Amino acid sequence: MTAIYLLFILMLAIFVGFELIRKVPATLHTPLMSGANAISGITVIGALSLAGGEQSQWSTWLGAASVLFATINVVGGYLVTDRMLAMFKSR
Amino acid sequence: MSDFSLLINAVYVVSATLFIFGLKLLSHPSTARKGNLLSALAMFFAVVVTLLDKQIISFEIILLSVLIGSAIGVFAAKKVEMTSMPELVSLFNGVGGLSSLAVAYAAIVGEVQLSTFVLIVSFLALLIGAVTFSGSVIAWAKLSERMIGRPIVFKGQVVANVLLIAAIVTSGYLVVTQPEITTWHYLAIGLALVMGIMVVLPIGGADMPVVISLLNSYSGLAACAAGFALQNNLLIVAGALVGASGIILTNIMCKAMNRSLVNVLTSGFQAVVSSDMKIEGEIKALSAEDAFYVLEAAQSVLVIPGYGMAVAQAQHTMKELQELLEDNGAEVSYAIHPVAGRMPGHMNVLLAEADVSYEQLFEMDEVNPRIENYDVAIVIGANDVVNPAAREMKGSPIYGMPVINADLAKNVFVLKRGMATGFAGVDNPLFFKQNTRMIFGDAKETLGNLVRQFAD
């Protein structure tokens, strides 16, 4: 049952995603991509409980590595997107 | 549900909403920065509230990882040149994939007994994460010219790929049915990494915008699959948003090249079609001094930038020239092909960096109907996206690809270092047209030369 419920969420999210992103003009495709890429670093919240949890050593270290990689993606991604967007000043 | 997990999930809902609003605001240049900030805020909330999870008992490792990760991220984001943006995005994509790979693997080796469903989605997250990682690294190497950009093909590649896919499916079956045997895990990860390399190797540099947006989509899908494995709604929603954005951009890029995704992914395997049609005429070179006289008399100028402009870092000099032309009474517009550069929208960012107003940037479809009205079209380091062979030469590899019809402008100046072909490796009949003049040399120097002439 959980699987069905999760698939339901997935389906709705995909529709929302398509509707939102179809309207983005070509001018903003690079920032969109790098911003979306930063969002994909959301795996960090999955990694957190693995890194801080009371599981096997392996899980802890894998979780820690995952937190590290995802943080690079998130922090770097948002910063560089902001740097790009700052250049698209409104005139 | 305990109080904590209720709170955590409630905040996840808020985060998901903020992600959606953030992406919505990204659809206009004036609100885009706010949108990005909103999205970052959503991520921050999600991370902070996740730390309240009572399963999390040790914070030292987390803190250390976050600190190191942030430092690397800040350093990379501050240091990168705007011209190297495609490489950086590619690398970030790669670490995103690696992160999903690690999460999925940690879920599989965790001590809890897993259901078959969770094992299957964990394996999918592992697979997509690994393909994203190794594929992105290859894309990065190609973009930064650490390896050759041309398609790399070898004999029996198709057979090798089919065998590889069969092996991956087998390893997936073994991981799901015997999750306790670690050999299968390593086998699956290894095969998936090889798969990522095999996917990107045969793709040439001109198709890189497609590859980057496809890998971007994969990094979202990997996060999404990891969300299924951990039964985390926010991961599913955010991953799906990223996956959708990547797929839409991939589709736009493919349309801009009049090709299908399958066609792009397998382009390296196709034999180069030789055309019977001869390109006739002679190449007429022009000095910057003579070009100046034409530009001085021009009423309307269309600039068509390509990757060559990025390489020469000529965008700032072009902006200077633009201002001088405008002072001289000419109207200056920029025409941007969807696949100009090495990632979607790459030219727009470079021109924004040089402070060119986005109201002056036009897409191919807006420019083409009125291209005859332009007195001069200046092609800066673009090749394939202005190649009339796409219209005229049946049998040309780029036949049918929509291009900016630069050759129909009254005069065409092509700024180019030499007579080399573009990334598609096709001859360009534009250079031989009656109204075309080649101005050889580094684009930045040529433009600087023109600027000086105007200033005198």
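Reading guide: rules and limits
- Residues numbered from 1 in each chain as written.
- Chains lettered and ligands numbered in written order.
- Predicted model: local features only at pLDDT ≥ 70, side-chain atom pairs only at ≥ 80, totals over all residues.
- Heavy atoms only, no water.
- Phe/Tyr/Trp six-rings, centres within 6.5 Å; stacked < 30°, edge-to-face > 60°.
- Helix = DSSP H or I, 4+ residues; strand = E, 2+ residues; numbered from the N terminus.
- Buried < 20%, exposed > 50% of the residue type's maximum accessible area, 1.4 Å probe, protein only.
- Lys NZ or Arg CZ within 6 Å of the ring centre and 35° of its normal.
- Core = buried A, V, L, I, M, F, W, Y, C linked by side-chain atoms within 4.5 Å.
- Contact = heavy atoms within 4.5 Å.
- Buried area = accessible area lost by both parts, 1.4 Å probe.
- Salt bridge = Lys/Arg side-chain N within 4 Å of Asp/Glu carboxyl O.
- Polar contact = N/O pair within 3.5 Å; in protein donor to acceptor, adjacent residues only side chain to side chain.
- Nonpolar A, V, L, I, M, F, W, Y, C, P; charged D, E, K, R; others polar.
- Patch = residues over 30% accessible without salt bridge, like charges linked within 9 Å, V, L, I, M, F, W, Y side chains within 5 Å.
- Areas by Shrake-Rupley, 256 points an atom, 1.4 Å probe, with all protein chains shown as cover.
- Pairing = 2+ DSSP bridges.
- Axes fitted to C-alpha atoms, helices over the stretch in contact; angles between N-to-C directions.
- Parallel < 35°, antiparallel > 145°, perpendicular 65-115°, else oblique.
- Left-handed = near helix turned anticlockwise from the far one by under 90°.
- pLDDT = per-residue confidence, 0-100.

## A look at the packing of aromatic side chains
Scanning the model with the defined rule gives 5 aromatic pairs over all chains in all. Between W58 of chain A and Y105 of chain B, the ring centres sit 5.8 Å apart and the planes meet at 80°, which makes this aromatic pair edge-to-face. Separated into two different chains, W58 of chain A in helix α4 (residues 57-87) and Y105 of chain B in helix α4 (residues 85-109) make up a pair that spans both. According to the relative accessible area criterion, Y105 of chain B is buried, its value standing at 5%. Seen from their ring centres, F117 of chain B and F228 of chain B are 6.3 Å apart, and the 75° between their planes marks the pair as edge-to-face. Of the two residues, F117 of chain B sits in helix α5 (residues 116-143) while F228 of chain B sits in helix α8 (residues 208-230), which places them 111 residues apart along the sequence. Judged by relative accessible area, F228 of chain B falls into the buried class, the value being 6%. Members of the aromatic cluster, joined through ring pairs, are W58 of chain A together with Y105 and Y186 of chain B. Just above the ring of Y307 of chain B sits the side chain of R342 of chain B; from NZ or CZ to the centre is 4.0 Å.

## Quick word on the nonpolar core
Counting 150 residues, the largest nonpolar core has I42 of chain A together with F19, L295 and I380 of chain B as its most contacted members. Counting residues per element, this core draws most heavily on α4 of chain B, which supplies 14 residues. Other than its neighbours up to four places away in sequence, L295 of chain B contacts V301, L325, N328, V376, I378, F413, L450 and F454 of chain B. Counting residues in hydrophobic clusters, the runner-up holds 32 residues, among them M253, Y374, I404 and V414 of chain B.

## Focus on the interface of chain A and chain B
Of the residues lining the interface, 80 residues belong to chain A; the matching set on chain B comes to 100 residues. Taken over both partners, the interface formed by chain A and chain B buries close to 7,900 Å², and the fraction arising from carbon and sulfur atoms is 76%. Between R33 of chain B and D82 of chain A there is a salt bridge, with the nearest N and O atoms lying 2.9 Å from each other. At the boundary of chain A with chain B, the tally comes to 17 residue pairs in polar contact (both at pLDDT 80 or more). Of all the secondary-structure elements, those providing two or more residues to the side of chain A that touches chain B are α1 (2-22), α2 (29-39), α3 (43-52) and α4 of chain A. Per-element accounting of the side of chain A that touches chain B gives the leading share, 27 residues, to α4 of chain A. Considering only residue class, the side of chain A that touches chain B consists of 47 nonpolar, 26 polar and 7 charged.

## Some remarks on a nonpolar patch on the surface
Residues and elements named next belong to chain B. Taken together, the side chains of V14, L41, F44, F45 and V48 present a nonpolar region at the surface, about 430 Å² in accessible area. Sort the elements by how many residues they give to the nonpolar patch and helix α2 (residues 32-50) lands first, with 4 residues. Structurally, the position occupied by F45 is in helix α2.

## What to know about the pairing of strand β2 (residues 331-336) of chain B
Residue and element names in this part refer to chain B. A large share of β2 lies buried, amounting to 5 of its 6 residues. When strand β1 (residues 300-305) meets β2, the two strands line up parallel, connected through 4 bridges. Directly across from V303, in β2, lies its bridge partner Y334.

## What about the packing of α2 of chain A against α4 of chain B?
Where α2 of chain A meets α4 of chain B, the axes come as close as 10 Å, and the angle between the chain directions of the two elements is 20°. With respect to each other, α2 of chain A and α4 of chain B are oriented roughly parallel. α2 of chain A and α4 of chain B meet at a crossing whose hand is left-handed. When α2 of chain A is examined against α4 of chain B, the residues T30, M33, S34 and N37 of chain A are found in contact with a partner set consisting of M85, V89, F92 and N93 of chain B. Counted by class, the contact of α2 of chain A with α4 of chain B contains 4 nonpolar, 4 polar and no charged residues.

## Some thoughts on the side chain of D375 of chain B
All names here are of chain B. Its location among the elements puts D375 in the loop between α15 (364-367) and β4 (376-380). Assessed through its relative accessible area of 16%, D375 is described here as buried. Polar side-chain contacts of D375 include one of 3.3 Å to the side chain of K410. In this view, D375 contacts A298, Q299, S300, K410 and N411; residues no more than four positions away in its chain are not counted.

## Some thoughts on the confidence of the model for chain A
Mean pLDDT over chain A: 90, with 98% of residues reaching 70 or higher. Taken element by element, the predicted model of chain A shows its lowest mean pLDDT in α3 of chain A (90) and its highest in α2 of chain A (94).

## A look at the sheet that holds strand β5 (residues 411-416) of chain B
Residues and elements named next belong to chain B. With parallel pairing, the 6 strands of this open sheet are ordered in space as β3-β2-β1-β4-β5-β6. The open sheet terminates on both sides in strands that have one partner only, identified here as β3 (361-363) and β6 (436-440). Across the sheet, the mean angle separating the axes of adjacent strands is 25° when strand polarity is ignored. On top of the sheet, helix α11 (residues 288-297) reaches β1, β4, β5 and β6; it is set at about 145° to β5, its chief contact.

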